[in-house]
Each structure stands twice: as structure tokens, then as C-alpha cells.
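These are the residues of each chain, in order.
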Amino acid sequence: MKKMTLIQHFSEIKRRILWSLLLFVVFFACGWYLAPSIQYILTQPLLNVWADGTMLYTSVTDGLMIQFELAGLFAIIAIVPVVFWHVWAFVKPGLKESEQNFIWPILILSPILFIAGALFVFYFLMPIVFKFFVELNNTGNVPNVFLPDARGYLKFIIKMLKVFGVAFQLPLFMILLNKIGVLNREYVIKVRRYAIVLIVILSAIITPPDVVSQLMLALPMCALFEISILFMRK
């Protein structure tokens, strides 16, 4: 294989970054067109448990800002596989076969686990959480009008999608540390009880302040932790 000079490496990096930026612009334009549909989809977990629900726009620019934010979110999600492919294509020539067999499954499994976490919170957790809050708001003795802020709602649900997507990376992270010799399987088993307590504490911090959502994150995290141990080498 012909070795590349430092200038050639920089030139290749520049070319790949430019292609990625160009695709980001294309995906952003697509996201701008799809933003109303994306907003409709993201509000379904709330509207399905809230009959005749209405979202509140607190500023004349809310519609524009939501359009920008959702278009950017769509572009970022769409471009991630492209960026991963460019990273892999750039580093692959300099890797040994054993290193290639170690890295490419990570690049494939990481987005899959992220999507699994996002789908879990969107289709399983959010309907339960929103039903709890809607019913709680309607049980007060004081007359009230429930009008959630549209931008605030979208920021909340997008944050939860990110949190669960990252949380579902736990098996990959643990197996990776084990593979490179940083994390020993026997040590993980030894500190299992402390790890579970830590998972519960983190779940209470990063989820809404209700027991249901905290358990809905803690339980799958504990299950993923146990699954990770099974795949770790001694």
C-alpha cells in the first residue's frame, strides 16, 4: 500500500469534511420541509393521552425557531452514518486486520443501540410519563388550563431521546473497556451492587422527578449491565 504524506492526509480530511458539510446542507433543506411532520410525530406521545390538547406558542418567533431546530436535528441524525463511514474509510488503511475487526462492529452497533434507546423512551416510557402528568394536573381542586410550551416540550422530549440513546451505549462501552484490558470481568462482578446503586442514582438525576420514569430508565440499564457482563471476557 502506498504511504500518504502529511499534506495528502490533510487534503483527504478536508475533502471528507467538505462532503459532510455539503450533505448536512442537503439534509437540512429536507428537514426544513419535513419539520412540521417531525413536530407532529414528536408530540404524539403527549397528544395520545391528552384529548383535545393544545400547544402554546409564547413568542411570534416560536414557529420559526422550531422549524430551525427540527431541521437541524434531522440533518444531524441523517448525517451521522455518513460521518461514521468517512471516519472508517479514513482510518481503515492504517489499521491491522485485527484492529479493523475490532472497530467496525463498534461503528455499526453504536447507532443501533442509540436508536433502540430512543425508540424505547418514545414508544414505551413517554406515553406512561405524560399520562401520569396529565392526570396529575387534572386532579387539582383549583381550576387550571394545561397549555404546555411547544418549544419547551420539544426540548424536553429531544433531551430524553438523547439521554436514553446514550444510556443504551452502556454494553458497548463496558465491552470496549474489557476488550482493551481496562475493565476486568471479575472486578465488575465484584462491584455489581455498587454499580446498580449508581445506575439508580443517575436515573433519578437525568429523568423527570417521578418514580415511574426513574424506574423505566434504571431497570433497562441494570438489564444492559448484566448483559454486558455475559459478553465480557475473563
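The preceding data block contains the structure.
Computed from a prediction, not measured in an experiment: that's the story for all the values here.

Just checking my understanding: could you explain the packing of helix 7 (residues 192-206) against helix 8 (residues 211-231) for this structure?
The geometry of a pair of packed helices is captured by two quantities: the angle between their axes and the separation between those axes. Taken N-terminus to C-terminus, the directions of helix 7 and helix 8 make an angle of 145 degrees; their axes are 9 Å apart at the nearest point. The handedness of the crossing between helix 7 and helix 8 comes out as right-handed. Where helix 7 abuts helix 8, its residues Arg-192, Ala-195, Ile-196, Ile-199, Val-200, Ser-203, Ala-204 and Ile-206 lie against Gln-214, Leu-217, Ala-218, Met-221, Cys-222, Phe-225, Glu-226 and Ile-229. Residues of the contact of helix 7 with helix 8, tallied by class, amount to twelve nonpolar, two polar and two charged.

Where do I start with the pattern of salt bridges in this structure?
Close approach of charged atoms allows side chains of opposite charge to pair. Going through the model one piece at a time under the given rule, you end up with two salt bridges. The salt bridge partner of Glu-69 is Arg-151, with a shortest N-O separation of 2.6 Å. Taken together, the residues span a long stretch of sequence, with Glu-69 in helix 2 (residues 62-91) and Arg-151 in helix 4 (residues 150-167) at a distance of 82 residues. The residue Glu-226 makes a salt bridge to Arg-192 at a minimum N-O spacing of 3.2 Å. Residue Glu-226 is found in helix 8, and its partner Arg-192 is found in helix 7; the two are separated by 34 residues along the sequence.

Could you clarify how one ought to interpret the environment of Met-232 in this entry?
Residue position: Met-232 is located in the segment after helix 8. Sequence-wise, Met-232 and Ala-89 are 143 residues apart; in three dimensions their C-alpha atoms are separated by 28 Å. Non-local contacts of Met-232, meaning those with residues more than four positions away in its chain, are made with Met-174, Ile-175, Asn-178, Leu-183, Asn-184, Arg-185 and Val-188.

About the thresholds
- Residues numbered from 1 in each chain as written.
- Predicted model: local features only at pLDDT ≥ 70, side-chain atom pairs only at ≥ 80, totals over all residues.
- Heavy atoms only, no water.
- Axes fitted to C-alpha atoms, helices over the stretch in contact; angles between N-to-C directions.
- Helix = DSSP H or I, 4+ residues; strand = E, 2+ residues; numbered from the N terminus.
- Left-handed = near helix turned anticlockwise from the far one by under 90°.
- Contact = heavy atoms within 4.5 Å.
- Nonpolar A, V, L, I, M, F, W, Y, C, P; charged D, E, K, R; others polar.
- Salt bridge = Lys/Arg side-chain N within 4 Å of Asp/Glu carboxyl O.

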